[in-house]
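# Analysis of the macromolecular model
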Amino acid sequence: FFRTVAMIHPNETAAWKALVEHAKEARPHLRELLKDEARCSSMFLEHGNIVLDYSRQLATPKTMELLTKLAEECGVQQRIKDMYSGVKINVQEGRSVLHVALRAAKDTQIVVDGVDQVAEVHKVLDQIKTFSEKFRSGEWKGITGKSMKNVVAIGIGGSFLGPLFVHSALETYQPTQKACSGRKLHFLANIDPEDPCRALSGLDPEETLFIVVSKTFTTAETMLNARTIKAYIVEKLGMAAVPCHMVAVSTALAEVEKFGIDPKNAFGFWDWVGGRFSVASAVGVLPLSLHYGFDVVSEFLAGMRDIDDHFATAPFDKNIPVLMGLLANWNATFNGFYANALLPYCQALSKFAPHIQQVSMESNGKRVMVDGTCTEGSYQTGEVIFGEPGTNGQHSFYQLIHQGRLISCDFIGLAVGQQDVYLKGEPVSNHDELMCNFFAQADALACGKSPEELKAEGEKDDMIPHKTFPGDRPSLSLLLPKLGPFEVGQLLAMYEHRIAVQGCLWGINSFDQWGVQLGKVLANKVRKTLGAVRKDGKSVDEVSGEYNYSTKRMMGSYVKAIDAHMGGTKYSDVFENPFDYFSTGIEGAPADPKYPEMKKPKVSA
């Protein structure tokens, strides 16, 4: 299907056309469909100890039959085979899509351009294992001779969101809590100077290792932050400290060396893995191994591999990622549910939705098919992904999903929570209380509450419209046995593959991201303008002739506000020592007693 740009458009297939008509057909309300136990039983699927329940989807057996035909006619099976064998399905960039190779077993072979990519992956994994053991044992020391116990990973996009998600998922799991006892793992992504301030808060530079994650060592935001951190290290510990306090995840070894990092301490990855799929590469494996240990991360990779194998071999009607992708597109394309809420009833999954938001929206937020044909006017691709752990989300946006806009929902729950709390006298444990809401919310969305039910309960007539819940709102439920490294890997791989299936059904390339480029180009232009204003003392009007009125006016307001704040002080002289304020951390935090000489900025408020 993706081997050539010549392709069948999905909306021209017989299955697509049949689904368009099927979506118009009258069907029973979900509260009625849930009474059909044979239907419901057919919509449960188990893989190992994972249970998927999609009986609350707006689907009948006929729907599932048509969706399966759509997958067949769109070439989903061939797409999977091509991806796993290294065919360059990222047509526009001429690249393979091989994030599955990052977690493949050592004896697997995937040869691309004459090179076994899995063997190359395991060379880097072996390098990370050796380095992480040296780091965690205390053999790797800082410039002052102290052992390292803190890590700051500097990266943005997939180099940040994926590793942060995994870290957040593991830091309250009791076995991994013990593995990282006494250690800290922070992330630095945003070029907003508040972010390095937060990332450095509470860390002793003598005991901290910084990882710069940039494939080419040219990513603008990452490299600005890297230069900022390098200047901080030099200020606190001297230039000689850079090689032992900074390492890199990059393949641009010449640039790494030029920056001041020893190329021997650079961990590679490949152009066939996109940033949003890179958590299983050195991008995520290195910081996570330094913090939790390589064995923990190996369990995470094994969980991803388990779902990779399932996705590649299970028939469509027993394939969790395929079914999730089919149902997601049924909701988004044929039923008009433009948004999908990810609702994990597990606080440890608080960073899951932000990561999947990027994986999904950057992958499938496209307007043209692989052959360049515009989808606008025929159908739209992609979904708006958002979410929040339950029960927090219930007190935030559930009002809208119950009685407002139509939004599909994914409920994710655990049979066994990460922490055991049971208070004497309470009817259930704290985790049971959480899961009561997991079960209840799915039924509330599906069944709702009718005016007739309210009237039978004696509700006042004038309040019945306000308290009516229409229901008939689709959701699926995923139940995981627990949330350890293996299950975190399984969950992530499920959604990665679901998103790939969706892209195939839309006929788009899910593995490029041209939409992020234009803003970067325009930002370069603005940077030159502000540089001229700052360094040459020119006014915005003198250097902003190429901008429209609105941009020019807003830029002028920005410069005027900064000038007023600086009170005539030159931009380049804002701080007597621009790195002192990092050591105090977030504003209001106590100063580090080790650095009593810190000075406040000369500029007053």
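Residues numbered from 1 in each chain as written. Predicted model: local features only at pLDDT ≥ 70, side-chain atom pairs only at ≥ 80, totals over all residues. Heavy atoms only, no water.

Taken across its six residues, strand S13 (residues 475-480) has five buried, putting it largely inside the fold. Pairing of strand S2 (residues 50-53) with S13, which is carried by three bridges, proceeds in the antiparallel orientation. Its bridge partner being in S13, Val 51 is matched across the sheet by Leu 479. Relative to S13, strand S12 (residues 408-414) runs parallel, the two sharing six bridges. When the sheet's bridge partners are listed, Ile 412 is paired in S13 with Leu 478. (Buried < 20%, exposed > 50% of the residue type's maximum accessible area, 1.4 Å probe, protein only. Helix = DSSP H or I, 4+ residues; strand = E, 2+ residues; numbered from the N terminus. Pairing = 2+ DSSP bridges.)

Moving on to the sheet that holds strand S5 (residues 150-154). In spatial order, the strands read S6-S5-S7-S8-S9; together these five strands make up an open sheet with parallel pairing. With one partner strand each, in any of the chains shown, strand S6 (184-188) and strand S9 (266-267) form the two edges of the open sheet. Across five bridges, S5 lies against strand S7 (residues 208-213) in parallel orientation. From the neighbouring strand, Ala 153 faces S7, where its bridge partner is Ile 211. Across the sheet, helix H13 (residues 282-292) is in contact with S5, S6, S7, strand S8 (246-249) and S9; its angle to S7 comes to roughly 170°. (Contact = heavy atoms within 4.5 Å. Axes fitted to C-alpha atoms, helices over the stretch in contact; angles between N-to-C directions.)

As for its position among the elements, Met 463 is in the loop between helix H19 (451-456) and helix H20 (464-467). Residue classification places Met 463 among the partly exposed residues on the basis of a relative accessible area of 30%. Once the C-alpha coordinates of Met 463 and Val 76 are considered, the two residues, 387 residues apart in sequence, prove to be 49 Å apart.

Averaged over the chain, the pLDDT score is 92; the fraction of residues at 70 or greater is 93%. Between residues 1-5, whose pLDDT stays under 50, and residues either more than four places distant or in other chains, the model counts 21 contacts. Taken as a whole, residues 580-605 scores under 50 in pLDDT and shows 43 contacts with residues more than four places along the chain or in a different chain. (pLDDT = per-residue confidence, 0-100.)

Here we take up the pattern of salt bridges. Pairs can form between side chains of opposite charge whenever their charged atoms are close. A full pass over the atoms with the stated rule returns 29 salt bridges. Glu 25 is the salt-bridge partner of Lys 62, the closest N and O atoms lying 3.2 Å from each other. Of the two residues, Lys 62 is situated in helix H4 (residues 61-73) and Glu 25 in the loop between helix H1 (14-24) and helix H2 (30-33); the sequence distance between them amounts to 37 residues. Looking at Glu 25, the relative accessible area reads 38%, which means it is partly exposed. Note that Asp 443 and Arg 56 form a salt bridge whose closest N and O atoms lie 2.9 Å from each other. Taken as a pair, Asp 443 in helix H18 (residues 430-447) and Arg 56 in the loop between S2 and H4 lie far apart in primary sequence, 387 residues in all. Classification of Asp 443 by relative accessible area gives partly exposed; the value is 33%. Among the ionic contacts, a cluster of salt bridges with common partners joins Asp 53, Arg 56 and Asp 443. (Salt bridge = Lys/Arg side-chain N within 4 Å of Asp/Glu carboxyl O.)

What follows is about the packing of helix H22 (residues 517-536) against helix H24 (residues 549-566). Direction vectors running N to C along H22 and H24 enclose 40°, while the axes themselves pass 12 Å from each other. Crossing of H22 over H24 shows right-handed handedness. Residue-level contacts link Val 526, Thr 529, Leu 530, Val 533 and Arg 534 of H22 to Met 555, Tyr 558, Val 559, Ile 562 and Asp 563 of H24. Residues that form the contact of H22 with H24 fall into these classes: seven nonpolar, one polar and two charged. (Left-handed = near helix turned anticlockwise from the far one by under 90°. Nonpolar A, V, L, I, M, F, W, Y, C, P; charged D, E, K, R; others polar.)

Turning our attention to empty space enclosed by the protein. One water molecule sets the probe size; rolling that probe over the atoms shows where empty space is left. Counted under the stated rule, the structure contains three cavities of 30 Å³ or more. Space inside the largest cavity adds up to approximately 60 Å³. What lines the largest cavity is Gln 57, Met 324, Leu 327, Ala 328, Asn 331, Asn 340, Glu 383, Ser 408, Cys 409, Asp 410, Leu 476 and Arg 498. If you tally residues by element for the lining of the largest cavity, the top one is helix H15 (residues 320-334), at four residues. Per-class residue counts for the lining of the largest cavity are five nonpolar, four polar and three charged. (1 Å grid on protein atoms, 1.4 Å probe; cavity = no way out; pocket = protein on both sides within 12 Å on 5 of 7 lines; lining within 4 Å. Points joined across faces, edges and corners; volume = space filled by probe spheres on them.)

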